[in-house]
Amino acid sequence: MNKYIERLYNGIIKENPTLILMLGMCPTLAVSTRAMNGIGMGLSTTAVLILSNIVISMLRKIIPDQVRLPAYIVIVASLVTVTELLIEAYLPSLYSALGIYIPLIVVNCIILGRAEAYANKNTVMLSAMDGLGMGIGFTVALTLAGMLRELLGNGTLFGLQVFPESWEPVGIFVQPPGAFLVIALFIAIMNAIGIKTRQRQLVESDGCDMGCAGCAMASECRKAEKKLPSDTAEGGPEL
Amino acid sequence: MMKNMILLIVGGALINNVVLNQFLGICSFLGVSREMKASASLGGAVIFVMTVASAVTSLLYNYVLAPLGIDYMKTIVFILIIAALVQIVEMFLKKKSPAIYQALGIFLPLITTNCAVLGVTLTNVQNEYGFLESVLAGFGTALGFTLAIVLLASIRERINEKDIPAPLRGAPIVLIAAALMSIAFMGFSGLSF
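Residues numbered from 1 in each chain as written. Chains lettered and ligands numbered in written order. Predicted model: local features only at pLDDT ≥ 70, side-chain atom pairs only at ≥ 80, totals over all residues. Heavy atoms only, no water.

Draft legend 1. Region of the structure containing the overall build of chain B. Helix and strand content of chain B: nine helices and zero strands. Seen in sequence order, chain B has helices and strands lined up from the N terminus as α-α-α-α-α-α-α-α-α. A compact globule built from 193 residues would reach a C-alpha radius of gyration of about 16 Å, and chain B, at 17 Å, matches this within 12%. The dimensions of chain B, computed from C-alpha atoms along their principal axes, are 60 × 45 × 30 Å. Counting only residues that meet the buried cut, chain B has 53% of its 193 residues in that class. Across chain B, the fraction of contacts at a sequence separation of at least 24, relative to all contacts at a separation of at least 6, is 76%. (Helix = DSSP H or I, 4+ residues; strand = E, 2+ residues; numbered from the N terminus. Rg over C-alpha atoms; globule rule 2.2 N^0.38 Å. Buried < 20%, exposed > 50% of the residue type's maximum accessible area, 1.4 Å probe, protein only. Contact = heavy atoms within 4.5 Å.)

Pasting the structure below:
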């Protein structure tokens, strides 16, 4: 397979950031109330991800190793600010729907994670494709969650009525608890059909929990785990 | 005045819970909730950092960014402030209070990427809070985070001993527990003063 196509496949299926790596859970849970919001958030993050991968890949030989994390954060924050201003200017309805979650793209683990794991070691073109693949994978997962929640919680799909008017929507699915339930369902289905999420593989190797797999702060996280007096750490089905 | 202040804290902690209602800080909420002790320490560190971060960013926004007309720089400035603040807090505690450092120190670096801290500072600006209001809102929000993570940790310590259907083991059962907590916290939205 062409190595550029391979990056796309890797991002969308093999290492899907949300469903397999379990990164970026905050926006996934928060904005998946409607399918359209999921697409909007997914595409905004994709744009930032591609650009940040390109910029970081271009600067990878210039940024000194010791200060790379602050440097990445500044690059990502600048790109997010530009994206936020563009959305505010051209897509005001999306801007009000996503609200505070647009500036919070800065702290989305996927972006720093890809910078650290891929863009600072690879060429500009490959990094751009990696960003595109990861972004599409994130968008797909968000849209799926959004579609399921909108369908069950509101009876509509992309704003169009699907279930007849007489059908009583299950309101809880567009409320906060529905987000947790839908994501739990997705992961449970993947467990049942035998797709291993990264978080389970990690437990077997070094014991870091979900959420920080591949995140830039994962090493700190592991340090934190190890330093704990682990009196209750052993035994039981762990996360 | 007094009523408003209480409302800010209670609202941040219970009615508009940062984790269960706004989905901020989910990474550490799910990641560091395996044991009660660790989650309580993280909660302590978050209370500290979030309150100080709210105070500093509020002053900076109201007296530097807004008068200069560069309020669109807030995301960049705030994330740098939080990162620097966490470093300073860590160094200060290491020198002045080794006991607290032992308890909180290892969790401090994790807080930089905790989106709840950036989230609360941006919400403060969005709601046009003054200095005192920002500090109280930050404190209340952090209290809510600590409450949620300690509760989840105590639930998880019990879940660990139960026989759970195989596909639900691990992340799904924790998310379902979080969903039930979220339903319970929805009850607080009926609170009024």
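Structure's up, so let's keep going.
Draft legend 2. Summary view of the overall build of chain A. The secondary structure content of chain A amounts to 10 helices and two strands. In chain A, the order of α-helices and β-strands from amino to carboxyl end is α-α-α-α-α-α-α-β-β-α-α-α. Across the 239 residues of chain A, 52% fall into the buried class. Just so you have it, chain A exposes about 10300 Å², and 65% of that area is on carbon and sulfur atoms. (Areas by Shrake-Rupley, 256 points an atom, 1.4 Å probe, with all protein chains shown as cover.)

Draft legend 3. Examining the nonpolar core more closely. Membership of the largest hydrophobic core comes to 107 residues, with the highest contact counts inside it found for A:Leu104, A:Phe180, B:Ile26, B:Phe29 and B:Leu118. When residues in this core are grouped by element, the largest group, 10 residues, is from helix α3 (residues 36-68) of chain B. Apart from residues no more than four positions distant in its own chain, B:Phe29 is found in contact with B:Val19, B:Leu20, B:Ala148, B:Ile149, B:Leu152 and B:Ala178. (Core = buried A, V, L, I, M, F, W, Y, C linked by side-chain atoms within 4.5 Å.)

It is worth stressing that arrangement in space is one thing and function is another; only the former is reported here.
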